[in-house]
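In case you want the letters, here they are:
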Amino acid sequence: MDPRLPSGASAGDEGEPSTEEEEEQQLMSQQLLLTIGAAILVVVALFFVTLWSQSQTWGSNGEASSPQPSAQAERGTTGGPATGGSAGGTAGGATTGPFGGQDMSTLLEENGVELSESIQVRVDSLEEQLSGVDGQVRRTIQEQLVNLYVGADAFGRAAQLQKEMSDTSGNAEDWRRTGDLFYNWMEYVGQESNGRNPAIAPIGRRAISAYEKVLESEPANRDVRTDMATVLLRSNDPMRGVEELNQVLDADSTFVPARFNKGIALLWIGRYNQAIEQFEAVKSLTGEGSAQYEQATRAIELVREEQNAQGSPSNSAQPPVSPAE
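No experiment lies behind these values; they were computed from the predicted model shown.

Our focus in this paragraph is the overall build of the protein chain. A count of helical and extended segments in the protein chain gives 14 helices and two strands. Taking all 325 residues of the protein chain together, 50% fall into the buried category. Across the protein chain, contacts joining residues at least 24 apart in sequence account for 68% of those joining residues at least 6 apart. By element, 48% of the accessible surface of the protein chain is carried by carbon and sulfur atoms, the whole surface being about 14900 Å².

Taking 1.5 Å of rise per residue, 14 residues should cover 20 Å, and helix α11 (residues 238–251) covers 20 Å from first to last C-alpha, within 8% of that figure. Along α11, the residues classified as buried are P238, R240, G241, V242, E244, L245, N246, V248 and L249.

It is worth spelling out the packing of helix α8 (residues 172–192) against helix α9 (residues 200–217) at this point. Two numbers describe how α8 lies on α9: the axes approach to 8 Å, and their chain directions differ by 160 degrees. As far as their axial angle goes, α9 and α8 are roughly antiparallel. Here α8 and α9 pass one another in a crossing that is left-handed. Counted together, A172, W175, R176, T178, G179, D180, F182, Y183, W185, M186, V189 and G190 of α8 and I200, I203, G204, R206, A207, A210, Y211, K213, V214 and S217 of α9 form the full contact between these two elements.

Attention shifts here to the packing of helix α4 (residues 104–111) against α8. Taken N-terminus to C-terminus, the directions of α4 and α8 make an angle of 40 degrees; their axes are 12 Å apart at the nearest point. Regarding the angle of α4 to α8, the classification is oblique. Handedness of the crossing formed by α4 with α8: left-handed. Contact residues: α4 offers M104, L107, L108 and N111, while α8 offers F182, W185 and V189.

This brings us to the side chain of N111. Tracing the sequence through the fold places N111 in helix α4. Within polar-contact distance, the side chain of N111 engages the side chain of N197 at 2.8 Å. When sequence neighbours within four positions are dropped, the list of residues in contact with N111 reads W185, V189, N197 and A199.

Next up on the list: the pattern of salt bridges. Scanning the entire structure with this criterion turns up 13 salt bridges. Note that R176 is salt-bridged to D180, the shortest N-O span being 2.5 Å. You can see R176 and its partner D180 sitting in helix α8, four residues apart, about one turn around the helix. The pair R176 / D180 is uniform in exposure class, with both members buried. Here D252 ties to R222 by a salt bridge, and the two come within 2.2 Å at their closest N and O atoms. One end of the pair, D252, is in the loop between α11 and α12 (256–268); the other, R222, is in helix α10 (residues 222–234), with 30 residues separating them in the sequence. The exposure class assigned to D252 is buried, which follows from its relative accessible area of 19%. Taken together, the shared-partner salt bridges in this structure form one network comprising E173, R176, R177 and D180.

What counts, and at which threshold
- Residues numbered from 1 in each chain as written.
- Predicted model: local features only at pLDDT ≥ 70, side-chain atom pairs only at ≥ 80, totals over all residues.
- Heavy atoms only, no water.
- Helix = DSSP H or I, 4+ residues; strand = E, 2+ residues; numbered from the N terminus.
- Buried < 20%, exposed > 50% of the residue type's maximum accessible area, 1.4 Å probe, protein only.
- Contact = heavy atoms within 4.5 Å.
- Areas by Shrake-Rupley, 256 points an atom, 1.4 Å probe, with all protein chains shown as cover.
- Expected span 1.5 Å × (residues − 1).
- Axes fitted to C-alpha atoms, helices over the stretch in contact; angles between N-to-C directions.
- Parallel < 35°, antiparallel > 145°, perpendicular 65-115°, else oblique.
- Left-handed = near helix turned anticlockwise from the far one by under 90°.
- Polar contact = N/O pair within 3.5 Å; in protein donor to acceptor, adjacent residues only side chain to side chain.
- Salt bridge = Lys/Arg side-chain N within 4 Å of Asp/Glu carboxyl O.

In structure tokens form, the structure reads like this:
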């Protein structure tokens, strides 16, 4: 595991990010948006929409199931304050620490969705069942609540409840699901705001924290490290994201998600030609006819269109980011 990643035992020593640091992160994000051309933003948008479409939910048995249709789209709403109580009694409470920034109650209040009346009735019923139970019975009810929240696009509530379950079990798979749910919440908030919501960074830090807990026990988990790297790209730390992707590719140079993500990372820092190299590698690894091949082809086309529009010369003279072999 990357020695820079904080462990659970020492993470609290870092303290919360200051307001000044958060403002700097927001400015960095705005500067990136200003320096990246429209075509590049299309590539990034296509990429994250694809990730969004691959989101998973979990049933009461804890196993992955098919994505559910967007309840938010069906309601025709754009999100509002969270309502109702928190499953297990702490989802609405403050959560602080090295990845906290804003506490969870503030994040949920400002970036939650309003539950429909029928969903709220089901939530209340399940929360009532939680009273006075523990062990596997409690966990089964909590899993049902997580799945219910995901179906209602209430990813923040789902993530916080899943975190409670992870704190109790200490299980790496539970922490992976926690990271995935914070990831989904971050992406949902980003889509609702065209990537301009300042909550993206503190939500992303929570996803990173959860993924780091997985990597403490499973440092070779390439899927989790790749997902964490993707969150880093969205949390204004693209260089660290590249480092994490390089670590994955050093172990397995054929891992397509890491290749594609590295192409996206290189786009964010303006390394167009090196990004194209990664997308070409994706094409070679996947072959014609695959969805990944088509996506990489489209990405290359858009990057080259952007280069032509800007009259951009080769960026090979820029300080190199070592390409994965």
